[in-house]
Amino acid sequence: MNRKLISLIRTDLNITFGLSSLAYNIRKGKKIVPMAIVTLAILSLLPSYILVIRALGSFYDAFRQIGQQSFFLHMGFMSAQLIVLVLGFMYVMSKYYFSNDLPHLVPLPIKPSHIIGSKFVSLMVSEYLTSLPVIIPFIIIYGTRGNVGIDYWLISILAVIALPVLPLVISSVFIMIFMKYTNIKGKKDLIRIITALVFIALVIFVQLKLNQWTTQSMIDSENFMFNLARDANLLLTKAGIAYPPAMWGALALSKGFSVQGVFNLFLFIGSGLVGFALMMILAEKIFFDGLIGNIEVSASKGRGKKLDTSSVLKIGNPIIAIAKKEILMIIKTPVYLMNSVGGVVILPILLVISMVTGGEAYEPMKEMILQSREILVLGSIAVIGSFGVLNALGATTFSREGTNMWIQRTLPIDPRAQVIGRTLPSVALQVVGGVLLIGGIFFIVPLNIFEIMIILLLGISASVPLTMIGMTIDIIRPMIEWTNPQQAMKQNLNVLISMAIGTLFLVGAAFLGYLLLPDYGLPVVLGLYVMIIVLSTVFIYKLLIDLVKTKLMDME
């Protein structure tokens, strides 16, 4: 491998994950408390993760009863690679085109393919943090409950290593072509974001539609039950039509060191390597074409003119000014927009797509919801409230300032304006997410005006203290020194900590509702929720005011 490429990979990994800083802190015993907090935040998610693993065990038992255990592995590979693909669109755009190191790398005598190759490896390592928690339970459940040998475990290691390669290659190729042909002056950022969101929704729709089509064609066939009993891989091979690499990975593990197993392992790993080689060739031809427009600076015409600023400058409300500044920062930075809007928008879209493609399969669920409208209302409130931590705006509001934080420190702005102004963009996003969620629910059951008002008002109100929890964590331990906008959001541990605390908040409220709803009814539960929301909002708001007064001036 080229020495320049190896050096770039080493440097990019060091910058992305802060390896040198981490090693120094461990050696010197520094930042023990933040590391302990992060560890506790991760441990707080374990109960939910264990429940998911137990549910997966039930799926395996169901497939084993019909002799289709291999399809269980296909579910794991399909889920993990689809997540890597969808998240890859966001990560690739940020890493390839909006990193702070690009203005320094481009003038150097470095090939575009080497720049892309180093960033690809760094992204692949990041994606292991996403794909491993998804695929490992499937592999362990299949291996411990089935009669497998040492070959299964050896092949599983190779398959897990190769798992994120092909989805990231697909994301990289699409983003490079996409950036080249949307490098339009004026509204190029907005065009790119809208197109990317539409494309992600289209990918999910097509995938679900293909799965529905293959499943329906299997069930409708005359000899389905006979073929199911005769062929242990029937479900796997039929579902594999939609996305063959997931089928190759599942067959490689289920067949072991047999000819079929080795052949499918070769296809699984080889497809990723061939895709990577083609991506490197494509990078040489089009990467700079889509990049240059992002790092060039245009000068205005009419140099030397006198400007009358009296009509431009005006005194405004500092709360509105900060909110506008936050919104503009999010809109003009695609990685911020994709990561904040993506989760809030994609969830309702997934709900609609599932209902459109699901057909009669969702009829039992509709009947169950119609009989439990109280659960529907409370669940919808919880989903909208969870947007307050899912969009990560609150947990990164100070970190996103980066090295420009000194500007906020010197401005004569009241701490209350800082808190309210930084909360408003997140609340505005919750309003959008809430409206989309209501629209998605209409595809399942119709809602009356009272239910709509209760869901929106309480859901958006519940998101306020959750957003402020994230802001509190971010003001205590801001991540100001970053080289890539992605680091400020996706690699910011404040997001994980706020999600853990927000999850505990929501789970506690849900448990309280579970205890009180049967005996006291929905009105009492809603009244109690209103009281909890008001008290928590007031308490966290006052705490934030004090923290902004003291911590903001201490930031370096």
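In the block above lies the structure referred to throughout.
Residues numbered from 1 in each chain as written. Predicted model: local features only at pLDDT ≥ 70, side-chain atom pairs only at ≥ 80, totals over all residues. Heavy atoms only, no water.

What to know about a nonpolar patch on the surface
Phase 1: On the surface, Ile136, Ile140, Ile150, Trp153, Leu154, Ile157, Ile161, Phe257 and Val262 cluster together into a nonpolar patch covering about 830 Å² of accessible area.
Phase 2: Sorting the residues of the nonpolar patch by element identifies α7 (112–145) and α8 (150–162) as the ones contributing at least two each. (Patch = residues over 30% accessible without salt bridge, like charges linked within 9 Å, V, L, I, M, F, W, Y side chains within 5 Å. Areas by Shrake-Rupley, 256 points an atom, 1.4 Å probe, with all protein chains shown as cover. Salt bridge = Lys/Arg side-chain N within 4 Å of Asp/Glu carboxyl O. Helix = DSSP H or I, 4+ residues; strand = E, 2+ residues; numbered from the N terminus.)

Re the nonpolar core
Buried together is how nonpolar side chains tend to be arranged in soluble globular proteins.
Phase 1: If you look at the biggest cluster of nonpolar residues, it comprises 69 residues, and the most contacted ones within it are Phe77, Tyr96, Tyr97, Ile175 and Phe287.
Phase 2: Where this core is concerned, the elements lending two or more residues are α4 (46–65), α5 (69–97), α6 (102–105), α7, α8, α9 (165–181), α13 (244–255) and α14 (259–295).
Phase 3: Among the elements that take part in this core, α5 stands out by supplying 17 residues, more than any other.
Phase 4: In this structure Tyr96 touches Leu102, Ile116, Lys119, Phe120, Leu123, Ser172, Met279, Phe287 and Leu291, once residues within four positions along its chain are discounted. (Core = buried A, V, L, I, M, F, W, Y, C linked by side-chain atoms within 4.5 Å. Buried < 20%, exposed > 50% of the residue type's maximum accessible area, 1.4 Å probe, protein only. Contact = heavy atoms within 4.5 Å.)

Notes on the packing of aromatic side chains
Each aromatic ring pair is described using two quantities: the centre-to-centre distance and the angle formed by the ring planes.
Phase 1: By the definition in use, this model includes 8 aromatic pairs.
Phase 2: A ring pair is formed by Tyr60 and Tyr142, whose centres lie 6.0 Å apart and whose planes are at 80 degrees; its orientation type is edge-to-face. Of this pair, Tyr60 sits in helix α4 while Tyr142 sits in helix α7, and the two are 82 residues apart along the sequence.
Phase 3: By relative accessible area, Tyr142 is classed as buried at 11%.
Phase 4: Between the aromatic rings of Phe287 and Phe288, the centroid separation amounts to 5.7 Å while the plane-to-plane angle is 35 degrees, which identifies the pairing as tilted.
Phase 5: Look at Phe287 and you get buried, because its relative accessible area is 0%.
Phase 6: Three or more aromatic residues joined by ring pairs form one cluster here, namely Tyr60, Phe72, Phe138, Tyr142, Tyr152 and Trp153. (Phe/Tyr/Trp six-rings, centres within 6.5 Å; stacked < 30°, edge-to-face > 60°.)

Concerning empty space enclosed by the protein
Rolled over the atoms, a probe as big as a water molecule pinpoints where empty space is left.
Phase 1: Here the structure, examined in full by the defined rule, presents 1 cavity of 30 Å³ or more.
Phase 2: Reported here for the largest cavity is a volume of approximately 70 Å³.
Phase 3: Asp12, Ile15, Thr16, Lys95, Ser99, Asp101, Lys119, Thr483, Asn484 and Gln487 together form the lining of the largest cavity.
Phase 4: Of the residues that constitute the lining of the largest cavity, the class distribution is 1 nonpolar, 5 polar and 4 charged. (1 Å grid on protein atoms, 1.4 Å probe; cavity = no way out; pocket = protein on both sides within 12 Å on 5 of 7 lines; lining within 4 Å. Points joined across faces, edges and corners; volume = space filled by probe spheres on them. Nonpolar A, V, L, I, M, F, W, Y, C, P; charged D, E, K, R; others polar.)

A look at the side chain of His114
Phase 1: With respect to the helices and strands, the residue His114 is situated in helix α7.
Phase 2: His114 sits in the buried class, given a relative accessible area of 10%.
Phase 3: Not counting chain neighbours up to four residues away, the residues in contact with His114 comprise Asn2, Lys4, Leu5 and Leu8.

Some details on the packing of α7 against α8
Phase 1: Where α7 meets α8, the axes come as close as 11 Å, and the angle between the chain directions of the two elements is 160 degrees. By the criterion of interaxial angle, the relationship of α7 to α8 is roughly antiparallel. Crossing of α7 over α8 shows right-handed handedness. In this structure, α7 uses Tyr128, Leu132, Ile135, Phe138, Ile139, Ile140, Tyr142, Gly143 and Thr144 to contact α8, whose residues at the interface are Tyr152, Trp153, Ser156, Val160 and Ile161.
Phase 2: For the contact of α7 with α8, the per-class residue count stands at 11 nonpolar, 3 polar and no charged. (Axes fitted to C-alpha atoms, helices over the stretch in contact; angles between N-to-C directions. Parallel < 35°, antiparallel > 145°, perpendicular 65-115°, else oblique. Left-handed = near helix turned anticlockwise from the far one by under 90°.)

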